[in-house]
Each structure stands twice: as C-alpha cells, then as structure tokens.
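Geometric and topological summary
The primary structure of each chain is shown beneath.
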Amino acid sequence: MWDYTPTVKEHFLNPRNVGDIPDADAVGEVGSLACGDALKLYLKLDDNKDKIVDAKFQTFGCASAIASSSALTEMVKGKTLDEALAISNQDIAEFLGGLPEEKMHCSVMGQEALEVAIAKYRGHEVKPHDHDHDHGPAYPDQEGTIVCKCFGITDVFLKKVIETNKLTTAEQVTHFTKAGGGCGGCIPRIKELIAEVMGNQQPEEPRKRPEKLSNMKKMQMIQEVLERDIRPLLWADGGDLELIDIDGPKVQVAFRKACAGCASSGYTSRVVEQKLRDLVAEDIVVEEVTA
Amino acid sequence: MKEIYLDNNATTKVDEAVFEEMRPYFCELYGNPSSMHFFGGQVQQKVDEARRRVAALLGASPDEIIFTACGTESDNAAIRSALEVFPEKRHVITSRVEHPAVLTQCRNLTQKGYRVSEIGVDSEGRLDMEELKAAVDDDTAIVTLMYANNETGVIFPIEEIAAIVKAKGALFHTDAVQAVGKVPINLAASKIDMLSLSGHKLHAPKGIGVLYLRRGTPFRPFLVGGHQEKSRRAGTENAAAIIALGKACELAGQSMTIENTQVKALRDRLQSELMARIPHARINGGAAERLPNTLNIAFEFVEGEAILLLLNELGICASSGSACTSGSLEPSHVLRAMGVPFTCAHGSIRFSLSRYTTDAEIDTVIRELPPIIAHLRQMSPFGREFLKEQ
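Note that this is a predicted model, so its numbers are computed, not measured.

**Section: the confidence of the model for chain A**
- Predicted confidence across chain A gives a mean pLDDT of 85, with 90% of residues reaching 70 or more.
- The low-confidence segment residues 128-141 of chain A (pLDDT under 50) makes 43 contacts with residues lying over four places distant or belonging to another chain.

As structure tokens, then:
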C-alpha cells in the first residue's frame, strides 16, 4: 500500500474545485486514457486578465493524481499568471506533504497542465494531442523529439524535469515522468539526457594536468575529480563509487550500488584511472577493493 | 469497522481449525522430524500424515509430494530441474499471462541463451492452443503453464495441454497455486509431471508450498544439503506449517463443493448486480471458464487505485490490475496480453471470494461500489464526456 501523507489522503477524499468553468480564460489539458492519467485544468482571470480568481479541474487517475490536481487549484488561486508559472512540481508535492517517489509524475502532470493552460492563453501554439499516448507538450513552443514512444515524452520535457528536480538516475526519471516505464527501450537515451543535463550544470573550462603537485594537493584533486567527473556518470547508471584510500600513486576505490559486482567494473576502473591520469597525475593506478 | 475481505487470490485467512492443528508444534512438540528420539519422531508422524492429506487432495501418492517454502520456490525448482535434466535442450515454453514467479525466471533464461516462447491468449484470456502446438518441439525441455490465472481466474485446459506436451517428450509443469482447493484435481489420471501449490492461498499459513513430482520424473534438487524430502529439498522441515497445510488440504477437499456452489453463487451475484448497476463495465475473462471465486471487472473512464482506496475507506479489500497500484506504469501484463482496451484496463478491479465470504458482505459491495464509480467518473474528464452523452 502506498504511504500517502494525511494531506494527500484528505485532498483525494475531499478534492477541492472539481468541475469546469464554462467561460474559463485558460484551459490546459494533458495526459490521456492510454497513459493512465489525464488532467483538464480551467482558469478564470480577473477583469485585468492578470490574476487567477478561480480554478477548477477534472482528473482521471490515481489518488495522488487527484490530490495533486486539487492542491494545484488551491495553490494558483489569487496568483498572477507569472506567479502561477513559477509553481514547480516540487511545490505541489510539498503542498501535499510529499509524494512517494514513484508518484512524483502526478505532481509533474499538474505543473504541466498549468503551463499548457497559460501558454495557450498567451497565444502560443500548443500542439494538439495527435498520439494516443501523448503526454507533456510542456514547452509548447519547442518541438523536441519523442524519446519515450510508450508515453510520448520529448527530450525537451525530460531535460527540464531532470534539471529542476536534479534527477540522477533513469529510474528517477521514470518515477517523475513515466518515460522509460513502458517497454524500457528509451532508457539508454534517458541516461544520455541525464549526462547532458549534468554536463550543462558544470560548464567545463578546459582542464589540464598540473606540472607539479604536493601530496596534499594531489589527494585533494583526486577527490575533486571523483566527485565532479566520475560519480555523476556512475549515478546515471544507478551505480556509485567510494574512495577508500590514496597511497602514493595508488588510488583504491570500492564500487557501490549497481556498480558493485558488476561484470564490467574492471572496465569502469580503467575509465576512472584514465580520467585521473588526464586530470591529476600520469602515474596514478586505480585499484578496486571490495571493502 | 470490520473488514470485508475480497482479496483471497492474494492471500487467505488461516482457518481456525488449521491454526489449532499447528499450534502445539511451536512451544511443545518442537522436535526435529529427522531426530532419532521419540520427541522428534512424533513430529515426523504428523508430517507424514500431512503428506498423505496433501496427496489425497491432489489424487497423488504421498511420495510425490515435496514440501517447499512457497509457490515461487516450487516454480523455480521445477523449471531449473528440467533444464538440468535435459542439458542439451535449450527451449522453454510458457505464456504471456503467467505469474511473475514463472515469467521472471523464464525471461531471465533468455539471457542465458535459452529460447523462450511465450504463448499468447485471446481477448478472454484463453490460451492459443494452435500457437502452443506449433511451439513444442524436440528442443523443448519444459512447458510451464498456469492452471488458473491469478488476476482473471481463467482456467487453462491443462489436461489437453499436458497431452500435447508429453507427445513431444518435454516435461510439463503447471503453477496451480490459484486452482488447488477451488477446482477438483486428480493427478492419478493426469499427464502433469510437476505441479506447484501454495499454502496461504487455501487457508494455511504463508511460507509453505508444495512441488508435486510425478513418480519416475527425473529431478535435480534446487536446495541441496540434508536428506530431507528424500534429498529432493534439503533443509529442516517447517513442521508446523506442513502440518497446517495438511489440515488445510483436508478441509479444502471437504469444501470443494462449497467453492463451486455457494462461493460461485456469491461471485455470480456480485458480477450480475454490478453489471446491472454500472454502465460501461466489462468482465475480463467473462466468457472463459473461470475459477468460481474470482471476478475481474473493468470500469471505463476511471482508474483502479482510486477505486481501491475509496473501497478501502469502507473496509472493503480488493485488488487492481491498474498500473498505479503496483508502481509500474502500465496496466497488468495479463490484461495487456488479453488486449483489454486501455479505456478500461486502468480501471480493472479484482474481487476474489472465499468460503468465508457472506451474503451481507456481497450486498455491501453491490450497494457501495456504484456511487464510488459515479463519483470518480464525475471527476474524470473522460467520464464527464460520457455522462453528458447519457
């Protein structure tokens, strides 16, 4: 059974603002029957067409999808359109006292519907759902390429969710967006996207191996390279490593999570070694220990 | 609030008489059945009695009964054994609607170089017999197909299947976890080589299973060590649970008629009343031969987890093949294999009854479920469109 917070349960059992607004200024629709969840959001603006004075929703989906929609309508009321756009999926989840990670996609759906509604109101072109599984024209003006064919999710949308939620594994991306949760064929591409987003977050000035290093400085640099360059790559595959010891040129690491006992960990050690040789010192030898 | 338990395909209540039967074997009669002394020996006698009781329910002989820890272990042991017995054969046949206890193992085998055929089903969940006939060949080590489906209750024509498989010289295993105790099984007049059952599905405790192994069937044990179970399953016997299972099987034999009259009548009434009161509903597997206790019913435009949680508020326990319940993102593999349309796969609910289910409990569900579906449809954008059409 899901461990839903009392707030999630309360909003599921007594959802606020169910229904429609016949003269709504903005309407946002995401999801489909095939996806297993869908949300239609109605917004009514004040006479200045700036502030949201009423919001209603209709949701097809599980308890957390209904609770997320209910929470969203409560959150946007009284906000200007720009203020409403600043609401992130984490804000929705926080409002509910948290969601199980597997259900985070429900909060993403809420945020998405809001974005679509406002974009449409502002006259942006929003592509109609042309696919049974279509989900998430979150960046209505940006086309993007479909990554997950099962759920019709684009790279543009995925990168946004990866970035705002600081996701590091393909599994997390599935929990937040559903992408990869069907046939699983797009998981390698999702991993690439994670790596791309991480790369963007750490703009790389070309780094060179220093000429000479004190022992202290060298140890510090090894740690830095492992943290900045190596571990995020392993996270993308659900793995991790831990620095055990540095003894002269010898660097001992232990592989964790998916990397532990992985048949290709020998290969991974060599990759780590090469990176350290490139960036720290040419004589570094990486040893895998099983501690 | 007293719960209304309609999730008996997930697990069942331990029968009071079963619990009484096992109770002395924890604190008083705790001897090891393998011991030389009388203190252990008296436990051995009760284990032997349990073996006879299980055998009697299945129409088997006691030496064909191997006690295991669960249905999953029995399934794993059967499949592994067949592959060891026929190392030159590299083909395994199963179905697309098997329980994960079988399906996961079979899919893992593809990574070890085995060819695995997953036989499909029709829209009512019935096995494609032509596909099966075409798939069995000289390279097939084992065919493993469930007796009855846990989600829909659909029963496969197991004897007909066994005849096809045996004609090709492969071993035939059936996961009968959902069938034992609900439909009569007579292994003496059967071609089944191996059969799995699980205690907690028939009012015995969790943690006890059986692998039936036809006399003369070649076998390699999954667990090796001591000589227990004639060296076919090493490890000290879970004596109390074995004794409980024996009693449960005795009771199951006695209540087989109840399952197929009283329980079936309750299920049929639940089905027809819900269908009469709720438009746009369908029975998954309704046209196929089914277990007498199982009802898998789909409601269009709504999602199963939401239905379950609203039922839960009223103390009604059921389960769902919906994606959101399990944390996976797609509806159950069984419903997908049947080609159940997405419009209702997400809104599928399973009610599974037992001999403890009462008329009053069924009345409650018949009364409470229609407003729940109406409430969720009112909230659903697709449901509202449908209501407008009405």
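**Some points on the packing of helix α9 (residues 239-277) of chain B against helix α14 (residues 359-379) of chain B**
Residue and element names in this part refer to chain B.
- At a minimum axis separation of 10 Å, α9 and α14 run at an interaxial angle of 15°. One way to sum up the angle between α9 and α14 is to call them roughly parallel. Crossing handedness for the pair α9 and α14: right-handed. Residue-level inspection shows L266, R269, L270, E273, L274 and R277 of α9 in contact with α14, the latter providing D359, I362, V365, I366, L369 and P370.
- Looking at the contact of α9 with α14 residue by residue, the class counts come to 8 nonpolar, no polar and 4 charged.

**Comments concerning the sheet that holds strand β5 (residues 140-144) of chain B**
Residue and element names in this part refer to chain B.
- Strand order across the open sheet formed by 7 strands is β2-β8-β7-β6-β5-β3-β4, with mixed pairing between neighbours. Strands at the two margins of the open sheet, each flanked by one partner only, are β2 (65-68) and β4 (115-119). When strand polarity is set aside, the average angle formed by the axes of neighbouring strands in this sheet is 20°.
- Two strands pair when backbone bridges link them, and β2 and strand β8 (residues 209-213) are joined in this way by 4 bridges, in the antiparallel orientation. Looking at the pairing, I65 lines up with Y212 of β8.
- Of the strands in this sheet, β3 (91-95), β4, β5 and β6 (171-175) touch helix α5 (residues 100-110), which is tilted by about 145° from β3.

**Points about the domain arrangement of chain B**
Residues and elements named next belong to chain B.
- One can read the domain layout of chain B as domain 1 (4-10 + 256-389) and domain 2 (16-252).
- A C-alpha centroid distance of 29 Å is found between domain 1 and domain 2.
- Listed by partner, the interface residues are 22 residues for domain 1 and 22 residues for domain 2.
- If you list the elements that add at least two residues to the side of domain 1 that touches domain 2, you get α9, β10 (294-299) and α12 (333-337).
- Broken down by class, the residue content of the side of domain 1 that touches domain 2 amounts to 8 nonpolar, 10 polar and 4 charged.

Parameters and conventions
- Residues numbered from 1 in each chain as written.
- Chains lettered and ligands numbered in written order.
- Predicted model: local features only at pLDDT ≥ 70, side-chain atom pairs only at ≥ 80, totals over all residues.
- pLDDT = per-residue confidence, 0-100.
- Contact = placed C-beta atoms within 7 Å.
- Axes fitted to C-alpha atoms, helices over the stretch in contact; angles between N-to-C directions.
- Helix = DSSP H or I, 4+ residues; strand = E, 2+ residues; numbered from the N terminus.
- Parallel < 35°, antiparallel > 145°, perpendicular 65-115°, else oblique.
- Left-handed = near helix turned anticlockwise from the far one by under 90°.
- Nonpolar A, V, L, I, M, F, W, Y, C, P; charged D, E, K, R; others polar.
- Pairing = 2+ DSSP bridges.
- Domains from an automatic or database assignment.

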